[in-house]
Amino acid sequence: MSHATTDESVRALAGALARARHIAVLTGAGVSAESGIRTFRDTMEGLWKEFDPATLATPRAFARDPGTVSRWYDHRRLGCLAAEPNAAHNALAELERRTLARAGRFTLITQNVDRLHQRAGSRSVVELHGSIIEWRCTITGRRTTPPAKPLPAFPPPSPFHPEGLLRPDVVWFGEMLPESAVEAADEAARACDLFLSIGTSSVVYPAAGFIELAHAHGARVAEINLDATPLSSRAAWTIREKAGVALPGIVAAMPA
Ligand code: BV8
């Protein structure tokens, strides 16, 4: 792992990005932090400070207390809808455009459920952990996109089945990830020659495993994250800078 200065890493990474055949990116909550969305491990305040996300984000919590869990998710859903994509999201959409324009491949794999990458114009988004913007019937699995206002009742009844409830269309701890998302992420991690890991603590699996998979298949890895992570050692470049600052800087440093 190089100990280059941030500027040297930014310039070197910009050059590598301009030449890469296939760029794969894994994003986490750190990419949405500058949009005002709490990262998963931020201490939660106010109404939710007595709850630990990892216990609320489980099927057991929902089965035991669907009202509280759906209230928490609706609170977060409204926060995501009120948020705007930040400079990190916009830089990643621009990087995708430039890569496709030179007939490169680009795959954006996200752990985030806020849909801000799509709102910033990213096209190739693989949602490993689903989306908080859509909810689904616990009986039929049918999806709906609730309007941008608080759900009318908690727990929300399903419009698709008399005994059903609506739950957020996210992947909870202990739940399988969508097979199509895992396949797309797996293929990209194996095929890419450059892998960016941005704004993630790299502790949740199988998501973090795609960083290791890319590295094992010979891709060069860059970690753009405020803190070190258990996978920092895989990175050829580590940039300890806010994603909303580092990414626009990297795109600006790319040869035209
Ligand atoms: C599964 C959606 C298989 C819901 C999420 C023991 C060992 C290993 C694994 C396990 C284990 N016990 C259990 C497991 C499996 C478990 C897991 O990995 N647990 C971990 C905690 C140990 N995984 C699962 O359960 C997965 N499913 O394995 O199923 C299975 C199933 C059935 C039967 C058999 C097998 C499902 C995991 C998905 C859970 N859902 N989200 C919701 O949103 O509520 S996870 C959620 O937390 C996120 O999606 C993300 O994936 C994860 C971690 O969050 P991050 O995105 O990394 O954010 P975090 O806050 O942690 O870090 C932010 C980083 O950004 C920080 O490092 C910070 O420094 C940096 N940062 C902050 N600001 C900025 C910044 N960087 C740059 N700029 C900034 N401005």
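Here, every reference points to the structure presented above.
Summary of the structure given here.

**Digging into the nonpolar core**
Phase 1 of the analysis: Of all hydrophobic cores here, the largest spans 30 residues; its most connected members are Leu-13, Leu-17, Ile-198, Leu-247 and Ile-250.
Phase 2 of the analysis: Secondary-structure elements contributing two or more residues to this core are helix H1 (6-19), strand E1 (22-27), helix H5 (87-101), strand E2 (105-110), strand E7 (194-198), strand E8 (220-224), strand E9 (235-239) and helix H9 (243-253).
Phase 3 of the analysis: Here this core takes 6 residues from H1, the largest share from any one element.
Phase 4 of the analysis: Every residue in contact with Ile-250, bar those within four places of it in the chain, is listed here: Val-10, Leu-13, Ala-14, Leu-17, Ile-224 and Ile-239.

**Focus: the packing of helix H7 (residues 179-191) against helix H8 (residues 209-216)**
Phase 1 of the analysis: Direction vectors running N to C along H7 and H8 enclose 30°, while the axes themselves pass 7 Å from each other. Contacts from Val-182, Ala-185, Asp-186, Ala-189 and Arg-190 of H7 reach H8 at Phe-210, Leu-213 and Ala-214.
Phase 2 of the analysis: For the contact of H7 with H8, the per-class residue count stands at 6 nonpolar, no polar and 2 charged.

**Description of the site of the ligand**
Phase 1 of the analysis: The environment of the ligand is formed by 34 residues, the closest being Tyr-73, Gln-111, Gly-174, Ser-201 and Asp-227.
Phase 2 of the analysis: Within the side chain of Tyr-73, a nitrogen or oxygen atom sits 2.6 Å from an oxygen atom of the ligand.
Phase 3 of the analysis: Contact with the protein chains hides 73% of the accessible area of the ligand, taken as 1,500 Å² for the molecule alone.

**Here's the deal with the packing of H1 against H9**
Two quantities define a packed helix pair, namely the angle between the helix axes and the distance between the axes.
Phase 1 of the analysis: Between H1 and H9, the least distance of the axes is 8 Å, while the angle of their chain directions is 60°. What the angle tells us is that H1 and H9 run oblique. Seen from above, H1 lies across H9 with right-handed handedness. Along the contact surface, H1 presents Val-10, Leu-13, Ala-14 and Leu-17, while H9 presents Gly-249, Ile-250 and Ala-253.
Phase 2 of the analysis: Here the contact of H1 with H9 is composed, by residue class, of 6 nonpolar, 1 polar and no charged.

**What about H1?**
Phase 1 of the analysis: A rise of 1.5 Å per residue sets the reference length of H1, with its 14 residues, at 20 Å; its end C-alpha atoms lie 20 Å apart and thus fit the reference within 8%.
Phase 2 of the analysis: For H1, the elements touching its buried residues are E1, H5, E7, E8, E9 and H9.

**Section: the environment of Val-10**
Phase 1 of the analysis: Of note, Val-10 is situated in helix H1.
Phase 2 of the analysis: Sequence separation between Val-10 and Gly-249 is 239 residues, and the spatial gap between their C-alpha atoms is 7.2 Å.
Phase 3 of the analysis: Setting aside anything within four residues of it in sequence, one finds Val-10 in contact with Ile-239, Gly-249, Ile-250 and Ala-253.

**With respect to the pairing of strand E4 (residues 130-137)**
Phase 1 of the analysis: Here E4 lies mainly inside the structure; 7 of its 8 residues are buried.
Phase 2 of the analysis: Where E4 lies against strand E6 (residues 166-170), 5 bridges are found, and the strand directions are antiparallel. Looking at E6, one finds that Gly-130 is bridged to Val-170.
Phase 3 of the analysis: Two strands pair when backbone bridges link them, and E4 and strand E5 (residues 143-144) are joined in this way by 2 bridges, in the antiparallel orientation. Across the sheet, Arg-136 pairs through a bridge with Arg-143, a residue of E5.

**Notes on the side chain of Ser-35**
Phase 1 of the analysis: By the secondary structure assignment, Ser-35 is in the loop between E1 and helix H2 (53-56).
Phase 2 of the analysis: Under the relative-accessibility criterion, Ser-35 is labelled buried at 15%.
Phase 3 of the analysis: Only 2.7 Å separates the side chain of Ser-35 from the backbone oxygen of Glu-84, close enough to count as a polar contact.
Phase 4 of the analysis: Among residues more than four places away in sequence, those in contact with Ser-35 are Ala-83, Glu-84, Pro-85, Asn-86, His-89 and Leu-116.

**Concerning unusual backbone geometry**
Phase 1 of the analysis: With an omega of -5°, the peptide bond running from Phe-154 to Pro-155 counts as cis.
Phase 2 of the analysis: Within the element layout of this structure, Pro-155 appears in the loop between E5 and E6.
Phase 3 of the analysis: Of note in this structure, Arg-115 is not a glycine but carries a positive phi near 65°.
Phase 4 of the analysis: As for its placement among the helices and strands, Arg-115 is situated in the loop between E2 and helix H6 (116-119).
Phase 5 of the analysis: A relative accessible area of 23% places Arg-115 in the partly exposed class.
Phase 6 of the analysis: Residue Ser-202 is not a glycine yet carries a positive backbone phi of 55°.

Scoring rules and cut-offs
Note on numbering: residues in each chain are counted from 1, in written sequence order. Only residues with pLDDT of at least 70 get local features here, since the model is predicted, and only at 80 or more are side-chain atom pairs given and counted; chain-wide, interface and lining totals rely on the full set of residues. Hydrogens are left out, water is left out, and the side-chain values use all remaining heavy atoms of the structure. Residue types Ala, Val, Leu, Ile, Met, Phe, Trp, Tyr and Cys, when buried and joined through side-chain atoms within 4.5 Å, form a set referred to as a nonpolar core. Residue exposure (1.4 Å probe, protein chains only): buried if accessible area is under 20% of the type maximum, exposed if over 50%, otherwise partly exposed. Runs of E in the DSSP output that reach at least two residues are strands. Runs of H or I that reach at least four are helices, and both are numbered from the N terminus. When checking whether two residues touch, look at their non-hydrogen atoms; a contact exists if any pair is within 4.5 Å. Axis definition: a line fit to C-alpha positions, over the contact stretch in the case of helices; interaxial angles, taken between N-to-C directions, run 0 to 180 degrees. Under the convention adopted here, Pro, Cys and the residues Ala, Val, Leu, Ile, Met, Phe, Trp and Tyr are nonpolar, Asp, Glu, Lys and Arg are charged, and Gly plus all remaining residues are polar. Whether a residue is near a molecule or strand depends on its heavy atoms: it is near if one of them lies within 4 Å of it. Distance and chemistry together define a polar contact, namely a pair of N or O atoms within 3.5 Å, with one atom able to donate a hydrogen and the other to accept it when in protein, and with adjacent residues in sequence counting only for side-chain atoms on both sides. Residue exposure ignores everything except the shown protein chains as possible cover, and the areas themselves are Shrake-Rupley values with a 1.4 Å probe. An angle below 35 degrees is read as roughly parallel, one above 145 as roughly antiparallel, one from 65 to 115 as roughly perpendicular, and any other as oblique. Helix crossings are classified by the rotation of the near helix relative to the far one: an anticlockwise turn of less than a right angle makes the crossing left-handed, while a clockwise turn makes it right-handed. In this analysis, the expected span of each helix is defined as 1.5 Å times one less than the number of residues it contains. Strands were regarded as paired on the criterion that DSSP finds at least two bridges between them.

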